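Fold and geometry: a report
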Amino acid sequence: MDPQIVAVAGAAGSAIVSAMATDGWQRARDGVVGLWQRFRPESADSVHADFDGHRRVLVDSLREGDEATRAALVAAWNGHFLGLLVAQPDALDALRQLNAVLDRESVGGSRPSLTMTAHASGNGQVYQAGRDQKITRS
């Protein structure tokens, strides 16, 4: 599979779930549904319902401090977007545009921030990543 498609789908999944937790969630939902209406109209209603349901789950989980649910929702939306791009490769530019809009709207702190701290001593090693990380040892 084209790594570019996987990367764009992954960025979109993360951006959409982050947007679900902001005041701009309706605009994000409209962007996602609009994308489906354009490229997979038969699934647009289902995606609309998924977005609304996932948003409710996300808001509840964030209130409870449940990051695992957020990660599961990101994975689910990565799958939605990957499925869209595999079925409709022409949607790649439109999804990039949606990502750009979400990125612009997230400026100002509406996306969750990430702070990582690590301490290693002796022969200890620390691996940290804000997203995916692959470690290969020989």
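Up top is the structure.
Residues numbered from 1 in each chain as written. Predicted model: local features only at pLDDT ≥ 70, side-chain atom pairs only at ≥ 80, totals over all residues. Heavy atoms only, no water.

This part takes up the environment of Ile16. Along the polypeptide, Ile16 turns up in helix α1 (residues 3-20). Placed 38 residues apart in sequence, Ile16 and His54 show a C-alpha to C-alpha distance of 11 Å. In this structure, Ile16 is in contact with Ala28, Val32, Phe51, Trp77, Phe81, Leu98 and Leu102, ignoring residues within four places of it in sequence. (Helix = DSSP H or I, 4+ residues; strand = E, 2+ residues; numbered from the N terminus. Contact = heavy atoms within 4.5 Å.)

Here we come to the packing of aromatic side chains. If you walk through the whole model with that rule in mind, you get 3 aromatic pairs. Seen in terms of ring centroids, Trp77 and Phe81 are 5.8 Å apart; in terms of plane orientation they differ by 45°. Their pairing is tilted. You can see Trp77 and its partner Phe81 sitting in helix α4 (residues 67-87), 4 residues apart, about one turn around the helix. For Trp77, a relative accessible area of 0% translates into the label buried. (Phe/Tyr/Trp six-rings, centres within 6.5 Å; stacked < 30°, edge-to-face > 60°. Buried < 20%, exposed > 50% of the residue type's maximum accessible area, 1.4 Å probe, protein only.)

Its location among the elements puts Gln97 in helix α5 (residues 92-106). Spatially, the C-alpha atoms of Gln97 and Gly31 are 9.8 Å apart, while their sequence positions differ by 66 residues.

So, about α4. Side chains of residues three or four places apart in an α-helix project in the same direction, reflecting 3.6 residues per turn. Taking 1.5 Å per residue, 21 residues should reach 30 Å; α4 reaches 30 Å between its end C-alpha atoms and fits that length. The complete set of buried residues in α4 reads Arg70, Leu73, Val74, Trp77, Asn78, Phe81, Leu84 and Leu85. One side of α4 carries all its buried residues, which in axial view fall inside an arc of 145°. Turned more than 90 degrees from where α4 packs its buried face, Ala68 and Val86 sit exposed. (Expected span 1.5 Å × (residues − 1). Arc of directions from axis to C-beta.)

A few words on the pattern of salt bridges. Side-chain pairing between opposite charges can occur once the charged atoms of the two side chains come close. Tallied over the entire structure, the rule returns 5 salt bridges. We note a salt bridge from Glu42 to Arg40, for which the minimum N-O separation is 3.4 Å. Residue Arg63 pairs with Asp60 through a salt bridge whose shortest N-O separation is 3.2 Å. Of this pair, Arg63 and Asp60 both sit in helix α3 (residues 44-63), 3 residues apart, which is roughly one turn of the helix. Each of Arg29, Asp30 and Asp52 takes part in one network of salt bridges that share partners. (Salt bridge = Lys/Arg side-chain N within 4 Å of Asp/Glu carboxyl O.)

Moving on, we come to the packing of α3 against α4. For the pair α3 and α4, interaxial distance at closest approach is 9 Å and the crossing angle is 160°. With respect to α4, the element α3 is oriented roughly antiparallel. Here α3 and α4 pass one another in a crossing that is left-handed. Along its contact with α3, which presents Val47, Asp50, Phe51, His54, Val57, Leu58, Ser61 and Leu62, the element α4 presents Glu67, Thr69, Arg70, Leu73, Ala76, Trp77 and His80. When grouped by side-chain class, the residues that make up the contact of α3 with α4 number 8 nonpolar, 4 polar and 3 charged. (Axes fitted to C-alpha atoms, helices over the stretch in contact; angles between N-to-C directions. Parallel < 35°, antiparallel > 145°, perpendicular 65-115°, else oblique. Left-handed = near helix turned anticlockwise from the far one by under 90°. Nonpolar A, V, L, I, M, F, W, Y, C, P; charged D, E, K, R; others polar.)

Of all hydrophobic cores here, the largest spans 31 residues; its most connected members are Ile16, Leu35, Trp77 and Phe81. Broken down by secondary-structure element, the contributors of at least two residues to this core are α1, α2 (25-39), α3, α4 and α5. A per-element tally of this core places α1 first, with 9 residues. (Core = buried A, V, L, I, M, F, W, Y, C linked by side-chain atoms within 4.5 Å.)

In short, the description is geometric, and any link to function would need to be established separately.
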